[in-house]
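Letter by letter, the chains look like this.
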Amino acid sequence: MFLESYELTEEEKLLLQKVLDGEIAFRKIEEFADPLTAVKLRRLAIQEYAKLEFEHIQNFSLDVETVTKRNIENMIGAVQVPLGVAGLLKVNGEYANSEYYVPLATTEGALVASVNRGCSVITKSGGANVRVFEDEMTRAPVFKLESLDRARKFYDWVKSPQTFEQMKEVAEKTTRFGKLLSVKPFVTGTYVYLRFSYDTKDAMGMNMVTIATDAVMHLIEDEFGAHPVTLSGNMCTDKKPASISTILGRGKTVVAEITIPQEIVKETLKCTPESMFEVNYSKNLLGSARAGAMGFNAHAANIIAAIYLACGQDAAHVVEGSTAITSMELTKYEEIHCSVTLPALPVGTVGGGTGLGTQRDCLNILGVSGAGDTPGINSRKFAEIVAAAVLAGEISLIGAQAAGHLARAHAQLGRGKF
Ligand SMILES: CC(C)(COP(=O)([O-])OP(=O)([O-])OC[C@H]1O[C@@H](n2cnc3c(N)ncnc32)[C@H](O)[C@@H]1OP(=O)([O-])[O-])[C@@H](O)C(=O)NCCC(=O)NCCSC(=O)C[C@@](C)(O)CC(=O)[O-]
Ligand SMILES: NC(=O)C1=CN([C@@H]2O[C@H](COP(=O)(O)OP(=O)(O)OC[C@H]3O[C@@H](n4cnc5c(N)ncnc54)[C@H](OP(=O)(O)O)[C@@H]3O)[C@@H](O)[C@H]2O)C=CC1
């Protein structure tokens, strides 16, 4: 449609025509052109296909050479998500011990304002105490055994310390950083699932554990003769809500808490500790139980999604993060004690999307970009800040619902009605 209007070299025009004619597949364009040109030609082909002219997606500052090798296939451009900050947020963690501006990428009006309000409450109340309790990334292949008797023998073999040492040696040969921590077998009929848990240091670790477990899977096949059905048998469980992840943990298991004096609740949240307790109890606990929800929180996923988008995390892991539990209890000093427990928070400060320019900028705001001086401390620091930010979001939203302000806030900030 616009072919004649494009400013292309003769060679590019020829290539584009071949793409449009189906002679060159989208994913093969890089074989005939440099990465930036390949992205442009694919985008123009989509314009032709969809009969439209893009105004925005061609505008980006990404390093195409790198991202097309590590982060994306069939690239045509980039989408932008507005970025805001909430804070300062005071965090009293083992790894994060300061006040932070938290970067949040979202299109939901009122979200940043809400987290900002929660940060203000937390910081005025002395800061959120945060601790990481578990730190393990998992991958669980499934094996098919010939009989129940073989399955039983396999189960015992896997549990023997000698086998574990063998597996550990093979797994750790594939990575400079990853450490195999445990292998837990689970049986279903004659299928045996092995849940491998690794310390992945500053990486979120899914590529790392997949590569390491693949190597061990071959060892198992050679040594025991168990038939591997698939490298991921869903007992991991990656990117699906699952009780196993909420019980045993996946990624970081983190808890954040704060005790808020009554005056701060009244002044900043416009409600009372009692009304917040009532909302949390009836909504996050009873309501979630009645609904059969796996998350006992108000909107942990909102904060996690916004930080993940800003900081180059795998957005699909919001699923695991959404299983948080929010508790609110009245103290005898007329304060309210609030906590969030995040059983499964996969995060990393190296690898995946953390190296992209804008995402790295956001990690830098928090002082957690890249590898820590001691491997692992940056990702734990990051996890503590995420947990404190989730606590801020929970406090503000529960406060707004206790005050009856939810609809008003979204009418004002989500629809621009002031
Ligand atoms: C909107 C507020 C914060 C107003 O809150 P407010 O108390 O009426 O506002 P305020 O003007 O008195 O300001 C109080 C503080 O809020 C912050 N604040 C206030 N306005 C802004 C702003 N424009 N930009 C940045 N920060 C802002 C800021 O920290 C400020 O302190 P200050 O800086 O003045 O000392 C409040 O009503 C609120 O938090 N509402 C809840 C909104 C929310 O949490 N939305 C999240 C999404 S809801 C959803 O998606 C999930 C849901 C609801 O379906 C889940 C469920 O089932 O529950
Ligand atoms: N493969 C899969 O099944 C899945 C993949 N993903 C994707 O995986 C990616 C994330 O995987 P991930 O393994 O985290 O990242 P990457 O594979 O992108 O990079 C991680 C690697 O960085 C190196 N590294 C350098 N410094 C450190 C350090 N301080 N701590 C830890 N590692 C360090 C390690 O290399 P080395 O090990 O060589 O020493 C590590 O394996 C994301 O893009 C995600 O979307 C998501 C879900 C499933």
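Rules used throughout
Residues numbered from 1 in each chain as written. Chains lettered and ligands numbered in written order. Predicted model: local features only at pLDDT ≥ 70, side-chain atom pairs only at ≥ 80, totals over all residues. Heavy atoms only, no water. Near = heavy atom within 4 Å. Polar contact = N/O pair within 3.5 Å; in protein donor to acceptor, adjacent residues only side chain to side chain. Areas by Shrake-Rupley, 256 points an atom, 1.4 Å probe, with all protein chains shown as cover. Nonpolar A, V, L, I, M, F, W, Y, C, P; charged D, E, K, R; others polar. Axes fitted to C-alpha atoms, helices over the stretch in contact; angles between N-to-C directions. Helix = DSSP H or I, 4+ residues; strand = E, 2+ residues; numbered from the N terminus. Parallel < 35°, antiparallel > 145°, perpendicular 65-115°, else oblique. Left-handed = near helix turned anticlockwise from the far one by under 90°. Contact = heavy atoms within 4.5 Å.

## A word on the site of ligand 2
Then, number 1: What surrounds ligand 2 is a group of 21 residues, the closest being R139, T175, R176, G205 and D314.
Then, number 2: R176 places a main-chain nitrogen or oxygen 2.8 Å from an oxygen atom of ligand 2.
Then, number 3: Here an oxygen atom of ligand 2 and a side-chain polar atom of T210 are 3.3 Å apart.
Then, number 4: When the free accessible area of ligand 2 is taken as 930 Å², the share hidden by the protein chains comes to 75%.
Then, number 5: The residue inventory of the shell around ligand 2, partitioned by class, reads seven nonpolar, seven polar and seven charged.

## A look at the packing of helix 6 (residues 161-172) against helix 7 (residues 206-224)
Then, number 1: Across the interface, helix 6 lies against helix 7 with an axial gap of 8 Å and an inter-helix angle of 135°. When the axis of helix 6 is compared with that of helix 7, the two are oblique. In the crossing of helix 6 with helix 7, the sense of the turn from one axis to the other is right-handed. Contacts between helix 6 and helix 7 involve Q166, M167, V170 and A171 from the first element and A212, A215, V216, L219, I220 and E223 from the second.
Then, number 2: Residue composition of the contact of helix 6 with helix 7, by class: eight nonpolar, one polar and one charged.

## Overview of the site of ligand 1
Then, number 1: Around ligand 1, the structure places 20 residues, and the nearest of them are S114, N116, K270, K283 and S396.
Then, number 2: Between ligand 1 and R117 there is a distance of 2.9 Å, counted from an oxygen atom to a side-chain nitrogen or oxygen.
Then, number 3: With respect to ligand 1, the side chain of N302 contributes an N or O atom lying 3.2 Å from an oxygen atom.
Then, number 4: Out of a free accessible area of 1100 Å², ligand 1 has 62% covered by protein chains.
Then, number 5: Secondary-structure elements contributing two or more residues to the shell around ligand 1 are helix 4 (111-124), helix 14 (377-403) and helix 15 (406-413).

By themselves these figures say nothing about function.
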